[in-house]
Amino acid sequence: MTATADATILPAHYTEMTSLLREASTLGSVGALLGWDQETYMPPGAGRARAEQSSVIARLTHEKRTDPRLGELIRACEEDPEISDPSSETGANIRCIRRDFDKATKVPGDLVAELARTGSEAQDLWKHAREKSDFAAFAPALTKMLDLTRRKAECLGVTSGGELYDALLDEYEPDARASEIEAVFLPLRDRLSAFIADIRENGTPPRVDFTRREVPVEKQHAFGRAVVSALGFDFGAGRLDTTTHPFCSGMAAGDTRLTTRYAPDNFADALSSTMHEAGHGLYEQGLPKSGPFAGTPLADDVSLGIHESQSRMWENSVGRSRAFWAWALPLANRHFGGVFDDIDVDTMVPAMNTCTPSLIRVESDEPTYNLHVMIRFGLERSMIKGELAVADLPGAWNEQYKRLLGVDVPDDRRGCLQDVHWSFGLIGYFPTYSLGNLYAAQLWETINEQIPDLDARMERGEFGALLGWLRENIHKHGRRYTARELCERATGKALSADPLMRHLERRVRPAYGL
Ligand code: ZN
């Protein structure tokens, strides 16, 4: 018998189950550390050894997570009325542990291995196909990956009334349904498309030339650190390093690694990357990773959508606001030796809120970003359903870019070959990017109602009340509630596209003099 934080005595089957999970989680964190090192400081010569190290750790982690003993313990916990009440913390943990165990054991090992092997080959083929803008060279590999992914979805199973795509989506956004996402996305897609067309036709683009002024990378790094520190990121329990593709790894209790990238002539891109990853990092630092829930689902993030809501909130809702820049512009000038001395807040803020339809998702601005995502969601869902043939993908892609964003796709390199995701079977992942934006906007409205002087606080560089709200309403719950429940508990409403549209109207219209 073991005592928990709330002094209840837990049975041996529960404590044995959680200690097995803690070991799996510790192994997982070793894998994450290897991965972080590979992306930051590892010498190129270590590539082969690192691949072996990572694959051994991945195999051991998988063995721990699928251990038949774990299955017996989960069953014993489910049958124990003292701890299985779904509204209790232990009950919520048991529900999530069952879910993870089933997922890890439902897909046969040979299919997992085939997906990994084919995915790695497909990724290689994709890289070359993209360079040459040669979709035909990638199409057979994509067809193969789609077949394997469909098989995986069949193993995971479809809930009644659902579709195959739901099983894939569920990996990244547990309990979400494609039909529910579509019900939010479709009206938003048309409103966004009309909004962007209106801005482009009737607005006057803001001045952006000064954003390309040279700022030495070391000065950008010091400024980024100062900002992230002020937001509340604990550098005693984390780091900020440089990489090609920025990411955040919340690898363990007391160890959250942020990475970002710098270009001397694009300080704004580096700042938004840094604030984005810091948003992920603040969430990781706020999860209850030490204490009684260590290594269990209650110490984990809910979903990619909620994770992304945290990053996008700090990047966009905070980082593109007038209140933030009232504080950050003088700070930037101190760090940058007055590079923006002649730029006032009223000139800086519109430059952070542009609206320019473009071809590449990862380079797109806040108003146009979601259209890129929604196009991918529709297309991948149609491919999984078998309604869209791989051969017809480029045509369908180009047609939608023209219709929704008003841009002509000149070649597949800048079209349907631009993202790596599909090549290694990440299908069902894209919608979580937009879910993140929707959750962020809805949370932001509630936060501003509940902290009415938030702008005044941000103007003084005070972000503690905001972080405190997120800690209390999102972070501390781990996976106790589903994303949908968490959103409803925090905002009192079901997820809607209205807050995001209001947010964009408020930010982008003034930037274009409308
Ligand atoms: Zn992110």
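Scroll up to find the structure this text is about.
Residues numbered from 1 in each chain as written. Predicted model: local features only at pLDDT ≥ 70, side-chain atom pairs only at ≥ 80, totals over all residues. Heavy atoms only, no water.

> In this structure, what is going on with the packing of aromatic side chains? I would like to understand it.
Any two aromatic rings considered together are summarised by their centre-to-centre distance and by the angle between their planes. In the structure shown here, the tally under the stated rule is 22 aromatic pairs. Both rings, one in Phe-267 and one in Phe-340, keep their centres 4.8 Å apart while their planes meet at 40 degrees; by these two values the pair is tilted. In this pair, Phe-267 sits in helix α10 (residues 267–286) while Phe-340 sits in the loop between α12 (322–336) and α13 (345–351), placing the two residues 73 residues apart along the sequence. Using a relative accessible area of 2% as the deciding quantity, one classes Phe-267 as buried. Looking at Phe-340, the relative accessible area reads 0%, which means it is buried. Between the aromatic rings of Tyr-429 and Tyr-433, the centroid separation amounts to 5.5 Å while the plane-to-plane angle is 65 degrees, which identifies the pairing as edge-to-face. Tyr-429 gets classed as partly exposed once you look at its relative accessible area, which sits at 22%. Assessed through its relative accessible area of 13%, Tyr-433 is described here as buried. These aromatic residues form a ring-pair network of at least three members: Phe-210, Phe-223, Phe-267, Trp-314, Phe-324, Trp-325, Trp-327, Phe-336, Phe-340 and Phe-463. Sitting over the face of the ring of Trp-36, Arg-257 holds its NZ or CZ atom 4.3 Å from the ring centroid. Note that Arg-376 overlies the ring of Phe-430, its terminal NZ or CZ placed 5.6 Å from the centroid. (Phe/Tyr/Trp six-rings, centres within 6.5 Å; stacked < 30°, edge-to-face > 60°. Helix = DSSP H or I, 4+ residues; strand = E, 2+ residues; numbered from the N terminus. Buried < 20%, exposed > 50% of the residue type's maximum accessible area, 1.4 Å probe, protein only. Lys NZ or Arg CZ within 6 Å of the ring centre and 35° of its normal.)

> Help me out: how do you make sense of the nonpolar core in this one?
When a protein is soluble and globular, its nonpolar side chains tend to lie buried together. Core analysis: the largest hydrophobic core is formed by 129 residues, its most contacted members being Phe-324, Trp-325 and Ile-447. The residues touching Ile-447, leaving out its near neighbours within four places in the chain, are Met-313, Leu-454, Leu-466, Trp-469 and Leu-470. If you look at the next biggest cluster of nonpolar residues, it comprises 13 residues, including Leu-10, Met-17, Leu-20 and Phe-101. (Core = buried A, V, L, I, M, F, W, Y, C linked by side-chain atoms within 4.5 Å. Contact = heavy atoms within 4.5 Å.)

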